[in-house]
Amino acid sequence: MTQADKEQDNGKEKEKERDKEKEKEQQRGVKRPIAPPVIPEPPQEQIQSNFIVVIHPGSRTLRIGRATDTLPVTVPHVIARRHKQSGQPRYEDPWLLRDGLNKPESNEQRQNGLKMVDQAIWSKKMSNGVRRTPVSAEQARAYNCQIRPAVLDSSSRVKWTNTSHHPPHLVGEEALYVNPSDCYNIHWPMMRGQLNVHSGPGGSLTAVLADLETIWSHVLQKHLEIPLKDLKYYRCILLVPDIYNRQHIKEVVNMLLLNMGFSAIIVHQESVCATFGSGLSSACVVDVGDQKTSLCCVEDGVSHRNSRLCLAYGGSDVTRTFFWLLQRAGFPYRDCQLSSRLDCQLLQHLKETFCHLNQDISGLQDHEFQTRFPEAPALLYQVRLGDEKLQASMGLFYPTTFGIVGQKMTSLQYRSQGDSEDPHDEHYLLATQSKQDQSSKSAADRKAVSRPGGGLDGEMRMQGEMELGPAQGECLMGAGEVEEPLSAHVSRKTAIMSQFESKALGLDKAILHSIDCCASDETKRKMYSSILVVGGGLMFHGAQEFLLHRIINKMPPSFRRLVDNVEVITRPKDMDPRLISWKGGAVLACLDTTQEMWIHQREWQRFGVRMLRERAAFVW
């Protein structure tokens, strides 16, 4: 008998012995430990990009389209819902108004911010070497108070949305033009990048998710011409904020896969998609949206967790500040109200048309604008403006100008609070991972013995290490942080958070802080040489040069010597900065590496939120 035959016989004998042992255990009633179900590897299949829908939901605008589309469909992210009972009070989510504006200190804070803005304007010389001559609001006011509008047309040709057939809901532009006297509530389901959950009518999590589902379903059917019954043939890529609410994302994924019926989904962060869309491998991504500004350093497709920062202000705060400055200058359209949807739309348009960050534009200039509202004539107004156009834009660098008091203005990345559906989360991994130095290991062992069922700790630790998933390369809390005692780590993180949350950082200081949180000098150098600005909140003439000047002036002197060139990119490949993240989601759909990131409907039904931790390209 050969050696191979002997080994084969031995193997068969051992297998028979194991089978006999199992039979004896069953007879004795011994319970074997039940291993958790193993998540299968995603099937490798050829996916057609025209059957992938990319969804980028913003606070004011929804961008959605097939991955093969050149441009996404862009609609206002708003819904009007008909009252269920007659006599029901009307409710409307605010657009430009927000909490913290009507405090006793608000006006004083606004005035102090404006003084700092004026000082900054005066201190920076124009390109010809001469300092700007400040223009007071009174000079413009004397002229504007005399202005009366000219009638262009007796009819504005703009009409209220027809609601005579009593539709249960209206979406997008139709919702914006619902007559305030009609029996409809107006809801914006997202606020500052998160679900708009509040205590008012339609503010419950269930109601907000229902609004999202209705808006997205409407756009898919009407604009993309995809029947809802065919969504089982489609996949979805969902872009989420860098600082995300885990519970909200879990509920939205649940809605997309189980309620709407998409066959699979990928969830990815806006900042990483922005680098894909702009063709950059590494960048400090600055996303200035309508209601929030988020910053994050991205390197080779990985978002550095410690560098994430979210500021609770954006383009709508600039619009509201511009309106305040216009009023000081005697704004001739005197009936303008921040509580009116159509007036808010007009103010957004005026901000985008007039505001700038070019300090070479000085003195008083005359402008004109039109108002076209339903059931009113079309009017033409003249208006004379000076520094107001620059002062409003500079509010992003001096956010006290916004006059927001008593609100949380800055957020850092919070650690997961845990989820009952996902017992093997990062808390479990931190508690069970093997420690390198002996003292930490012995302390962990003592804790394991003191806990009920501590004997299973070694077994569970092995499983925890196996379950780190594809995102294990991204550090949970930054380099070296895991090795310090958990209590010291938590208290240090809490101290940092409380320090920043209470005050609003200007955009330039926030960029410096985000880059400074990177682990190595080499990474910081990369980030300074590639500051990518996306979103629609900083699309002002002269913004690129203005931001570059402020970054160079405020960056640490040690880095001025190390960094060859500081570069601010506002229009990569001459693309609209509002569409770059969506475009990155479309690029993601075409990459071979995304095959292993798909979460299929059946997997979600079986494993739930655990799939996000296993498959997401970032630490869940």
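- In the annotation of an unreviewed UniProt entry, the protein is listed under the name Actin related protein 8 and assigned to Stegastes partitus.
- UniProt lists a comment for the protein under the heading Sequence similarities (unreviewed entry), and it reads "Belongs to the actin family."

## Quick word on the overall build of the protein
Turning to step 1, where the next piece is worked out: Across its full length, the protein carries 21 helices and 21 strands.
Turning to step 2, where the next piece is worked out: With 620 residues in all, the protein has 52% of them scored as buried.
Turning to step 3, where the next piece is worked out: Counted over contacts in the protein with a minimum sequence separation of 6, partners at least 24 positions apart contribute 75%.
Turning to step 4, where the next piece is worked out: In the form shown here, the protein has an accessible surface area of approximately 29,900 Å², with 50% of it arising from carbon and sulfur atoms.

## Considerations on the environment of Val286
Turning to step 1, where the next piece is worked out: Structurally, Val286 is set in strand S12 (residues 282-288).
Turning to step 2, where the next piece is worked out: With relative accessibility at 0%, the residue Val286 sits in the buried group.
Turning to step 3, where the next piece is worked out: Spatially, the C-alpha atoms of Val286 and Cys310 are 9.9 Å apart, while their sequence positions differ by 24 residues.
Turning to step 4, where the next piece is worked out: Once you skip the residues sitting within four places of it in the chain, Val286 turns out to touch Ser294, Leu295, Leu507, Ile511, Ile531, Leu532, Val533 and Val534.

## Let's talk about the environment of Thr61
Turning to step 1, where the next piece is worked out: Examined against the element boundaries, Thr61 turns out to sit in strand S2 (residues 61-66).
Turning to step 2, where the next piece is worked out: Residues Thr61 and Trp188, spaced 127 residues apart in sequence, show a C-alpha to C-alpha distance of 9.8 Å.
Turning to step 3, where the next piece is worked out: With residues up to four places along the chain from it excluded, the contact list for Thr61 reads His56, Thr74, Val75 and His77.

## Quick notes on the pattern of salt bridges
Turning to step 1, where the next piece is worked out: Following the criterion strictly, the structure yields 20 salt bridges and no others.
Turning to step 2, where the next piece is worked out: The shortest N-O distance in the salt bridge between Lys554 and Asp508 comes to 3.2 Å. Taken together, the residues span a long stretch of sequence, with Lys554 in helix H17 (residues 543-554) and Asp508 in helix H15 (residues 507-516) at a distance of 46 residues.
Turning to step 3, where the next piece is worked out: By relative accessible area, Lys554 is classed as partly exposed at 36%.
Turning to step 4, where the next piece is worked out: Residue Asp508 is classed as buried on the basis of its relative accessible area of 1%.
Turning to step 5, where the next piece is worked out: When the shortest N-O distance is used, the salt bridge between Asp516 and Lys524 registers 3.5 Å.
Turning to step 6, where the next piece is worked out: Classification of Asp516 as partly exposed rests on a relative accessible area of 48%.
Turning to step 7, where the next piece is worked out: One salt-bridge network, in which partners are shared between bridges, spans Arg90, Glu92 and Arg341.

## What about the sheet that holds strand S5 (residues 150-153)?
Turning to step 1, where the next piece is worked out: If you walk across this open sheet you meet the three strands as S5-S17-S16, and the pairing is antiparallel. Only two strands of the sheet have a single partner each, and these edge strands are S5 and strand S16 (365-371). The mean angle between the axes of side-by-side strands here comes to 35°, regardless of whether they run parallel or antiparallel.
Turning to step 2, where the next piece is worked out: As judged from the three bridges shared by S5 and strand S17 (residues 378-385), these two strands associate in the antiparallel manner.

## Brief notes about the packing of aromatic side chains
Turning to step 1, where the next piece is worked out: Taken as a whole, this structure holds 13 aromatic pairs when the rule is applied.
Turning to step 2, where the next piece is worked out: Residues Phe331 and Tyr333 carry aromatic rings whose centres are separated by 6.3 Å and whose planes lie at 70° to one another, so their mutual orientation is edge-to-face. This pair shows no difference in class: Phe331 is buried, exactly as Tyr333 is.
Turning to step 3, where the next piece is worked out: For the pair Tyr333 and Phe373, a centre-to-centre distance of 6.1 Å together with 35° between the ring planes defines the contact as tilted. A residue pair is termed long-range when its members are at least 10 positions apart, and Tyr333 in the loop between helix H8 (315-328) and helix H9 (341-354) and Phe373 in the loop between S16 and S17 qualify at 40 residues.
Turning to step 4, where the next piece is worked out: The exposure class assigned to Phe373 is buried, which follows from its relative accessible area of 18%.
Turning to step 5, where the next piece is worked out: One aromatic cluster is present, built from ring pairs that chain together Phe323, Phe331, Tyr333, Phe369, Phe373 and Tyr381.
Turning to step 6, where the next piece is worked out: The lysine or arginine in question, Arg110, covers the ring of Trp324, its NZ or CZ lying 5.4 Å from the ring centre.
Turning to step 7, where the next piece is worked out: Residue placement shows Arg384 over the ring face of Tyr143; its charged tip is 3.8 Å from the ring centre.

## Considering the nonpolar core
Turning to step 1, where the next piece is worked out: Counting 82 residues, the largest nonpolar core has Val286, Leu357, Met394, Leu396, Ile511, Ile531 and Leu538 as its most contacted members.
Turning to step 2, where the next piece is worked out: Counting 44 residues, the second largest nonpolar core, distinct from the first, contains Ile55, Val73, Leu220 and Ile265.

## Observations concerning the side chain of Ser307
Turning to step 1, where the next piece is worked out: By secondary structure assignment, the location of Ser307 is in the loop between strand S14 (302-303) and strand S15 (309-311).
Turning to step 2, where the next piece is worked out: When its relative accessible area of 1% is taken as the criterion, Ser307 is described as buried.
Turning to step 3, where the next piece is worked out: Polar contacts involving the side chain of Ser307 include one to the main-chain carbonyl oxygen of His304, which spans 2.7 Å.

## Digging into the sheet that holds strand S6 (residues 169-171)
Turning to step 1, where the next piece is worked out: On the basis of which strands lie adjacent, the open sheet formed by three strands has the order S6-S4-S7 and antiparallel pairing. Taken across any chain shown, the strands that pair with only one partner, and hence form the sheet edges, are S6 and strand S7 (184-187). Each adjacent strand pair in this sheet contributes to an overall mean axis angle of 20°, direction not counted.
Turning to step 2, where the next piece is worked out: Both strand S4 (residues 79-82) and S7 contribute to a ladder of four bridges, which runs antiparallel. By the bridge assignment, Arg81 is partnered in S7 with Asn185.
Turning to step 3, where the next piece is worked out: The strands touched by helix H5 (residues 205-222) are S4, S6 and S7; relative to S4, the strand with the most contacts, the crossing angle is about 110°.

## Comments concerning H9
Turning to step 1, where the next piece is worked out: Taking 1.5 Å per residue as the helical rise, H9 with its 14 residues ought to reach 20 Å, and the 20 Å between its terminal C-alpha atoms agrees with that figure.
Turning to step 2, where the next piece is worked out: In terms of burial, H9 is a largely internal element, ten of the 14 residues being buried.
Turning to step 3, where the next piece is worked out: Along H9, the residues that are buried comprise Arg341, Leu342, Asp343, Cys344, Leu346, Leu347, Gln348, Leu350, Lys351 and Phe354.
Turning to step 4, where the next piece is worked out: The inward-facing, buried residues of H9 abut helix H4 (173-176), S7, H8, S16, S17 and helix H10 (388-393).

## Details of unusual backbone geometry
Turning to step 1, where the next piece is worked out: Non-glycine residue Arg157 carries a positive phi angle of around 65°.
Turning to step 2, where the next piece is worked out: Inspection of the secondary structure assignment puts Arg157 in the loop between S5 and S6.
Turning to step 3, where the next piece is worked out: Its identity is not glycine, yet Asp300 carries a phi of approximately 50°, on the positive side.
Turning to step 4, where the next piece is worked out: Mapped onto the elements, Asp300 comes out in the loop between strand S13 (293-299) and S14.

## Some points on the pairing of strand S10 (residues 235-240)
The side chains of a regular strand alternate, residue by residue, between the two faces of the sheet.
Turning to step 1, where the next piece is worked out: S10 sits mainly inside the fold: six of its six residues count as buried.
Turning to step 2, where the next piece is worked out: Taking every second residue as pointing to the same face, both faces of S10 are buried, with Arg235, Ile237 and Leu239 on one and Cys236, Leu238 and Val240 on the other.
Turning to step 3, where the next piece is worked out: Pairing geometry for strand S1 (residues 52-57) and S10, over four bridges, is parallel. Considered in S10, the bridge of Val54 is made with Ile237.
Turning to step 4, where the next piece is worked out: Sheet topology note: the S10/strand S11 (residues 264-269) ladder contains six bridges and is parallel. Within the sheet, the bridge partner assigned to Arg235 lies in S11 and is Ala264.
Turning to step 5, where the next piece is worked out: In terms of handedness, the path from S10 via helix H6 (residues 246-259) over to S11 forms a crossover that is right-handed.

Basis of the calculations
- Residues numbered from 1 in each chain as written.
- Predicted model: local features only at pLDDT ≥ 70, side-chain atom pairs only at ≥ 80, totals over all residues.
- Heavy atoms only, no water.
- UniProt positions renumbered as here; feature names shortened; annotations may be inferred.
- Helix = DSSP H or I, 4+ residues; strand = E, 2+ residues; numbered from the N terminus.
- Buried < 20%, exposed > 50% of the residue type's maximum accessible area, 1.4 Å probe, protein only.
- Contact = heavy atoms within 4.5 Å.
- Areas by Shrake-Rupley, 256 points an atom, 1.4 Å probe, with all protein chains shown as cover.
- Salt bridge = Lys/Arg side-chain N within 4 Å of Asp/Glu carboxyl O.
- Pairing = 2+ DSSP bridges.
- Axes fitted to C-alpha atoms, helices over the stretch in contact; angles between N-to-C directions.
- Phe/Tyr/Trp six-rings, centres within 6.5 Å; stacked < 30°, edge-to-face > 60°.
- Lys NZ or Arg CZ within 6 Å of the ring centre and 35° of its normal.
- Core = buried A, V, L, I, M, F, W, Y, C linked by side-chain atoms within 4.5 Å.
- Polar contact = N/O pair within 3.5 Å; in protein donor to acceptor, adjacent residues only side chain to side chain.
- Expected span 1.5 Å × (residues − 1).
- Right-handed = clockwise from strand over helix to strand, strands pointing away.

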